[in-house]
Amino acid sequence: MSEFKRKRALVTGGAGFLGSHLCRKLLDQGHEVICTDNFYTGTKDNIIPLLHHPKFEVIRHDITIPIYVEVEEIYNLACPASPIHYQFDPVQTTKTSVHGAINMLGLTKRLKAKIFQASTSEVYGDPHVHPQKEDYWGNVNPIGLRACYDEGKRCAETLFFDYHRQFHLPIKVARIFNTYGPNMHPNDGRVISNFIVQALLGHPITIFGDGLQTRSFCYVDDLIQGFINFMNTPDNFPGPLNLGNPEEFKITELAKLIIDLTGTKAKIDYKPLPSDDPTQRCPDISLAKEKIGWEPKISLKEGLLKTIKYFEERVRLSSLQ
């Protein structure tokens, strides 16, 4: 067995949904973690349990501005990931993806470090290929309401691979599909958090369109393990790599399951489909199985029960304030 080597890692967006789970996982493995976040969508509530950890440090910082720290690995997760948040200030969203990538890649180059980029299944747009494989170039509207995020992430991938080719930077580019779990923002507009909060509050569950569009949902613990596995692969495999759960569910099926698991009698309210909303989104994870020995383990029902428990506590605390 190889000897454990403690590393110092920088996690941008470390107080966000995915970032907070990644920080905890790295600390649990014995590594040192520097968490940066501008707290636009991230929250200190997500990292309160980590604040007194001797190997954890927090810096309030926006990655559109360069930062100078000494680390061996960088996980670049900073960017609002839900339509409500990234469409609120679309120019800043694009800057976060593009300027942020430039700054983090420059830091990686100076440090001779390794960098992980949290890309997204949104680079595939409204796909004409199903399920989506990494060699699919996508079908994205470059001037639509979602373009600030979709095209920002696509440009970030371009920058990562150009730095890899030109400067031989060790990069890892992961395309993340729908993920859910504790620490999700209750008002982020994503389907699972929306449905759970609406059900717990006794409000109608809002479905956009006819509800026949499909999504695949990966529990956060599975996804974070994928990050770690990918980062630990040899430098000659940069990705891109799909990380997500290949099991598809119709949105109506998800709504009915959440109503059942929460024990509520919420009604379903159908509304018009937003612009450029994809009708199908599902990863082909053959490459992840082959290259990093990874596939999701946690079923949708098991993950939803854990997520509902988290939101029940959030709703209870809100009612006490």
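Residues numbered from 1 in each chain as written. Predicted model: local features only at pLDDT ≥ 70, side-chain atom pairs only at ≥ 80, totals over all residues. Heavy atoms only, no water.

Quick look at the packing of helix α4 (residues 90-111) against helix α5 (residues 147-167)
In plain terms, the rule: Lines fitted to C-alpha atoms define the axes here, with helix axes fitted over just the stretch in contact, and angles between the N-to-C directions of these axes take values from 0 to 180 degrees. The way it works is that DSSP assigns letters per residue, a run of H or I at least four long becomes a helix, a run of E at least two long becomes a strand, and they are numbered from the N terminus. By definition in this entry, angles of less than 35 degrees are roughly parallel, angles greater than 145 are roughly antiparallel, angles of 65 to 115 are roughly perpendicular, and the rest are oblique. Crossings are assigned a handedness: left-handed for a near helix turned anticlockwise from the far helix by less than a right angle, right-handed for a clockwise turn. Contact between two residues is taken to exist if any of their heavy atoms lie within 4.5 Å; hydrogens are not considered. Each residue gets one label: Ala, Val, Leu, Ile, Met, Phe, Trp, Tyr, Cys and Pro are nonpolar, Asp, Glu, Lys and Arg are charged, and the others, such as Gly, are polar.
Their axes nearest at 8 Å, the elements α4 and α5 cross at an angle of 15°. When the axis of α4 is compared with that of α5, the two are roughly parallel. For the crossing formed where α4 meets α5, the hand is right-handed. Contact residues: α4 offers Pro-90, Thr-93, Thr-94, Ser-97, Val-98, Ala-101, Ile-102, Leu-105, Gly-106 and Lys-109, while α5 offers Cys-148, Tyr-149, Gly-152, Lys-153, Cys-155, Ala-156, Leu-159, Phe-160, Tyr-163 and Phe-167. Of the residues contributing to the contact of α4 with α5, the split by class is 13 nonpolar, 5 polar and 2 charged.

With respect to the pairing of strand β4 (residues 73-76)
Cut-off, in case you're wondering: Whether a residue is buried, partly exposed or exposed follows from its accessible area with a 1.4 Å probe, protein chains only, as a fraction of its type maximum: under 20%, in between, or over 50%, in that order. Strands were regarded as paired on the criterion that DSSP finds at least two bridges between them.
With burial as the criterion, each face of β4 is covered, one bearing Glu-73 and Tyr-75 and the other bearing Ile-74 and Asn-76. Strand direction decides the pairing type here: strand β1 (residues 8-12) and β4, joined by 4 bridges, are parallel. Bridge pairing in β4 links Val-11 to Tyr-75.

Structural notes on empty space enclosed by the protein
Rule in force here: The distinction between a cavity and a pocket rests on a 1 Å grid over the protein atoms alone: a 1.4 Å probe fits inside a cavity but cannot get out, while a pocket stays open yet meets protein on both sides within 12 Å along at least five of seven lines, and a residue with an atom within 4 Å of a point counts as lining. Grid points are joined across faces, edges and corners, and a volume is the space filled by probe spheres set on the points.
Per the counting criterion, the structure on display carries 1 cavity of 30 Å³ or more. Within this model, the largest cavity holds a volume of roughly 30 Å³. Lining the largest cavity, in full, are Asn-76, Leu-77, Ala-78, Cys-79, Thr-96, Ser-97, Gln-117 and Lys-153. Of the residues contributing to the lining of the largest cavity, the split by class is 3 nonpolar, 4 polar and 1 charged.

Observations regarding the packing of aromatic side chains
Each pair of aromatic rings is reported with the distance of its centres and the angle of its planes. Rule in force here: In this scheme Phe, Tyr and Trp rings, the latter by its six-membered ring, pair at centre separations within 6.5 Å, and the angle between planes marks the pair as stacked below 30 degrees, edge-to-face above 60, and tilted otherwise. Here, a charge over a ring is recorded when the distance from Lys NZ or Arg CZ to the ring centre is within 6 Å and its angle to the ring normal is within 35 degrees.
For the structure shown, the criterion picks out 10 aromatic pairs. Considering the side-chain rings of Phe-230 and Phe-237, the 5.5 Å spacing of their centres and the 50° angle between planes classify their relative orientation as tilted. Assessed through its relative accessible area of 0%, Phe-230 is described here as buried. Within the aromatic cluster, the residues linked to one another by ring pairs are Tyr-75, Phe-116, Phe-227, Phe-230 and Phe-237. The ring of Phe-39 is capped by Lys-44, whose NZ or CZ atom sits 5.8 Å from the centre of that ring. The residue whose ring lies beneath Lys-109 is Phe-167, and the NZ or CZ to ring-centre distance is 4.7 Å.

These values are about where atoms sit, not about what they do.
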